[in-house]
Amino acid sequence: MLNLKLLKNTFQSKAFLFCLLFMFCHILTTSAQDIKNFKGVYVLNDTIEGVANLNYFLKNRDTILDGDFNFKSIEEKKEDEFTTYEYEGNFKKDKKDGDWYFKSKSLKLDKDYSISDLQLKSTATGTSTEIFAFFSNGQSDKEWTAIKYKFENSIPKDTLYTIQTNFNSGLLEGKFVSNSKNLNVSGQFSEGLMDGQWVFDDGTHKEKRTFQKGVLTDVEVNDVNIEFIGFDITYDKADEDEKWETIELNETYFEIFNRSKIEIVFSGEYINQSKLQESIKNSNSFIINAFKSFNNTGDFSIWNNLRGSEDFKLPKVKIRKLKYSKKEERQIKSIRENLKLSQTIIKEFRDNSMLEIGKLNFKELNKIELLFSIYKEKFEKLKPALDLIVSPAFEYLKRDELLEAYNVDLEFPETVAYSYDGEVISESYEFPEIEREKFDLEFLSITLESIVNDLKKLDKNAKDDFEKLRKQESLTENEELLIKKREKIETLFDKNKNEDYNGYHDYYSKAVNIFLEDVINDYRKMDLDKKKSEVEILLDCLGKIEKFGEEGLVDFKDRVERVDEEYTRVVFNPFLMSDITERVKERIYKAYEDKLIDYVLENLKNNLSCDSLEDKIGNLEILNESMLKLREKDTKDMERELRRVRDVEQILSLLKIELN
């Protein structure tokens, strides 16, 4: 039994490595050459450390693997999580040859563990991948099988997939079969190319794709013929010599496939088109991952991490490349550049830190913001078509046919309406004229250029206004603070955003928001010189309201509770044998509770102005402090007088409370 950390540290010890080499290496002599056997620490591809049992010989000072090869490794990814790798096979003069077996596990240990002979001694949960392969002189050959399953507490629970395929001298050849919980696939290859009929069955959709020498020629789903608008599936022996490009079955091919538009040829059976599209995408994704699973587990390259074999070859297909004409190249270049420029103009405008302040000062910026929003909405509609055009897949698709399937309405309004200075302004605007006979490259390149020209004009106007703002930098900085203070105050008086929100915040919420709107609108109407003289006064005023909402009302609530405690006495009742509470100076407290609190709160609420704000807020503190002082004084005469007094002013005078 070995501790894992001790094992890892020991592996990294050069002294231990020397001992292992000395203890486990021995020489087996044959008549042909000196074959040596090694058992011990072995680093796979300079990265994966484990223990190997292998045979080799030396040739011109090079180590040539020859004979049986076994390797096991355990990697600690993080605490209680491990990945294991295991190889078993045969080399022939440094080439993989014959049957090979690979196994990898991703483990999460369930309990305390130990390690012995590179075996984890603990139950675990995770996944396991096994590959049964065959090589002929370093080339993939014969039947290959990949299996992945889940296990819990070291007991297999669920097979995620089983995949079988065949190779001939490195090329896929013959049958392919894959079974998984959600999708079953069968097909065949010829000289590495998908060929014949391929069937994808997810239990709802049974999709049949027919290939001829790598060319997709037909697609059926549930015996209903499916057409892919823009995707060329024509094939005729007459044009067999016509150039078809052979590419790997990878994300590029399926991007071409997925960017085409599905059209269902009516057969009387209803098929949900969106679900069908999703099913086809899932099939495409699965077939890519299925073949990757023979060569990769996660980020680990199974066969490339161990020398002696050619690169694993993915399946191939053929697809017609419809090369761009010079005119199309110019149009696509123009669309790509204008699309990027339009996105930059709109983004920089929206991200400009002076926009909100600028809208307070310049009507034009409010209008430009609206126009940019309209253009952005049009770009959102155009996005699928524009993304298609700038995609590498577009050169493999029948362009005019496909673009018509992406046709969208681009009509612009005759008038626009936007807000400024508390008013809604409606006026006409000359958007670019949209004239077209068909939705094609020429139309899109001309339209996009017209839109970008208008965006440039609007952008220049916006930058002129922003430049004016920069010239009044000190004012701009204060106005930024003004906006922030307004937003902060709105947050303080919003019960959904202020954790310390209480009933007093609720009492003032509406009045404070009306006050903010009034003072900001009054400020907007001022001329530049007036703003410069008033902005700091307004900042000071909003600062007091901010402090009032953040601290004042929380403090007032605490002080009201303290007054309540001070005017409450706990006494022991010998008859009831328990403590009872009673109010002291009851008439004074009742006047405070019933009259004075409401009076100071309402007096502030009805007099929210920058001129009187400080005094009215101060009254909240004066009232509570006065009540605490009265608690300590002899107030018998005051209490008798209170029987006859109902007016608040008279009560304040009687109690000698002097408010601002």
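Within any chain, residue numbers begin from 1 and follow the written order of that chain's sequence. Owing to the predicted nature of the model, reporting of local features is limited to residues with pLDDT of at least 70; listing and counting of side-chain atom pairs is limited to 80 or more, with chain, interface and lining totals taken over all residues. With hydrogens and water excluded, all non-hydrogen atoms of the structure serve as input to the side-chain values.

Asks: I would appreciate a short explanation of helix α13 (residues 586-605) in the present structure.
Replies: An α-helical turn contains 3.6 residues, so a residue and the one three or four places further along point in the same direction. Here α13 contains 20 residues, and its C-alpha end-to-end distance of 28 Å stays within 8% of the 28 Å for a straight helix at 1.5 Å per residue. Maximum bend of α13: about 40°, positioned at Tyr592. Where α13 is concerned, the buried positions are Ile588, Tyr589, Ala591, Tyr592, Leu596, Ile597, Val600, Leu601, Asn603 and Leu604. Only runs of H or I of at least four residues qualify as helices and only runs of E of at least two qualify as strands under DSSP, and these elements are numbered from the N terminus. One less than the residue count of a helix, multiplied by 1.5 Å, gives the span that helix is expected to have. Each residue is assigned a bend, namely the angle between axes fitted to the seven residues that terminate at it and the seven residues that start at it. Relative accessibility thresholds used throughout: buried, under 20% of the residue-type maximum; exposed, over 50%; partly exposed, between the two (1.4 Å probe, protein chains only).

Asks: Is there a simple way to explain the pairing of strand β26 (residues 415-420) in this structure?
Replies: A regular strand carries its side chains on alternate faces of the sheet. Of the two faces of β26, the one holding Val416, Tyr418 and Tyr420 is buried and the one holding Thr415, Ala417 and Ser419 is not buried anywhere. At least two DSSP bridges between two strands are needed for those strands to be called paired. Bridge count between β26 and strand β27 (residues 423-428): six bridges; the pairing is antiparallel. Residue pairing for β27: Thr415 is matched across the bridge by Ser428. A loop of two residues connects β26 with β27, the two strands running antiparallel in sequence, and Asp421 in this loop sits at a positive phi of about 55°.

Asks: Looking at this model, I keep getting lost on unusual backbone geometry. Mind explaining?
Replies: Excluding glycine, most residues fall at negative phi; most peptide bonds, likewise, are trans. For Arg61, which is not glycine, the phi dihedral falls at a positive 70°. As for its position among the elements, Arg61 is in the loop between β3 (48-59) and β4 (62-78). On the basis of relative accessible area, Arg61 is assigned to the exposed category, the value being 83%. Even without a glycine there, the phi angle at Glu191 is positive, about 55°. Along the chain, Glu191 falls in the loop between β16 (184-190) and β17 (193-201). Owing to a relative accessible area of 60%, Glu191 belongs among the exposed residues under this scheme.

Asks: Can you walk me through the nonpolar core in this structure?
Replies: Soluble globular proteins tend to bury their nonpolar side chains together. Residues Phe69, Tyr87, Trp144, Tyr253, Ile287 and Trp303 are the most contacted members of the largest nonpolar core, which totals 109 residues. Grouped together as the second largest cluster of nonpolar side chains are 52 residues, Tyr504, Tyr508, Ile651 and Ile657 included. Grouping buried Ala, Val, Leu, Ile, Met, Phe, Trp, Tyr and Cys residues that are joined through side-chain atoms within 4.5 Å yields what is termed a nonpolar core.

Asks: Is there a simple way to think about the environment of Glu310 in this case?
Replies: The residue Glu310 is located in the loop between β24 (300-301) and β25 (316-319) in this model. Taking relative accessible area as the criterion, Glu310 reaches 39% and is therefore assigned partly exposed. In this structure the C-alpha to C-alpha distance between Glu310 and Phe135, which are 175 residues apart in sequence, comes to 9.8 Å. A 3.5 Å cut-off defines polar contacts: any pair of N or O atoms within that distance qualifies, except that in protein one atom must be a possible hydrogen donor and the other a possible acceptor, and neighbouring residues in sequence count only when both atoms are side-chain atoms. A polar contact is formed between the side chain of Glu310 and the side chain of Lys313, at a distance of 3.3 Å.

Asks: Would you mind showing me how to read the packing of helix α12 (residues 528-566) against helix α14 (residues 613-631) here?
Replies: For any two helices packed against each other, the geometry comes down to the angle between their axes and how far apart the axes lie. Whenever a helix is involved, its axis is fitted only over the stretch in contact; in every case the axis is a line through C-alpha atoms, and angles between N-to-C directions fall within 0 to 180 degrees. In the contact formed by α12 and α14, the axes pass within 10 Å of each other and the chain directions differ by 15°. Overall, the two elements α12 and α14 adopt an arrangement that is roughly parallel. By crossing handedness, the relation of α12 to α14 is classed as left-handed. Residue-level inspection shows Cys541, Lys544, Ile545, Phe548, Phe556, Arg559, Val560, Arg562, Val563 and Glu566 of α12 in contact with α14, the latter providing Leu613, Glu614, Ile617, Leu620, Glu621, Asn624, Glu625, Met627, Leu628 and Arg631. The classification used treats Ala, Val, Leu, Ile, Met, Phe, Trp, Tyr, Cys and Pro as nonpolar, Asp, Glu, Lys and Arg as charged, and all other residues, Gly among them, as polar. Here the contact of α12 with α14 is built from residues that sort into eleven nonpolar, one polar and eight charged. The cut-offs work like this: below 35 degrees is roughly parallel, past 145 is roughly antiparallel, 65 to 115 is roughly perpendicular, and the gaps in between are oblique. By definition, turning the near helix anticlockwise from the far helix through less than a right angle yields a left-handed crossing, and turning it clockwise yields a right-handed one. Residue contacts follow a heavy-atom distance rule, with two residues in contact if any of their heavy atoms lie within 4.5 Å.

Asks: Teacher, can you tell me more about the packing of aromatic side chains here?
Replies: Ring pairs (aromatic) are described by centroid distance and by the angle formed between their planes. In this analysis, rings of Phe, Tyr and Trp, with Trp reduced to its six-membered ring, are considered paired at centre separations within 6.5 Å, and the interplanar angle assigns stacked below 30 degrees, edge-to-face beyond 60, and tilted for intermediate values. Evaluated as defined, the whole model comprises 44 aromatic pairs. Note on Phe91 and Trp100: the rings are 5.2 Å apart at their centroids and 85° apart in plane angle, and the pair reads as edge-to-face. Both rings, one in Phe412 and one in Phe431, keep their centres 4.8 Å apart while their planes meet at 5°; by these two values the pair is stacked. On the criterion of sequence distance, the pair formed by Phe412 in the loop between α8 (399-405) and β26 and Phe431 in the loop between β27 and α9 (441-471) is long-range, its members being 19 residues apart. By the burial criterion, Phe412 is buried, and Phe431 matches it. The criterion for a charge sitting over a ring is simple: Lys NZ or Arg CZ within 6 Å of the ring centre, and within 35 degrees of the ring normal. In this structure, Lys378 is placed above the aromatic ring of Phe412, and the distance from its NZ or CZ to the ring centre is 5.4 Å. Lying over the aromatic face of Tyr589, Arg583 brings its terminal NZ or CZ to 3.9 Å of the ring centre.

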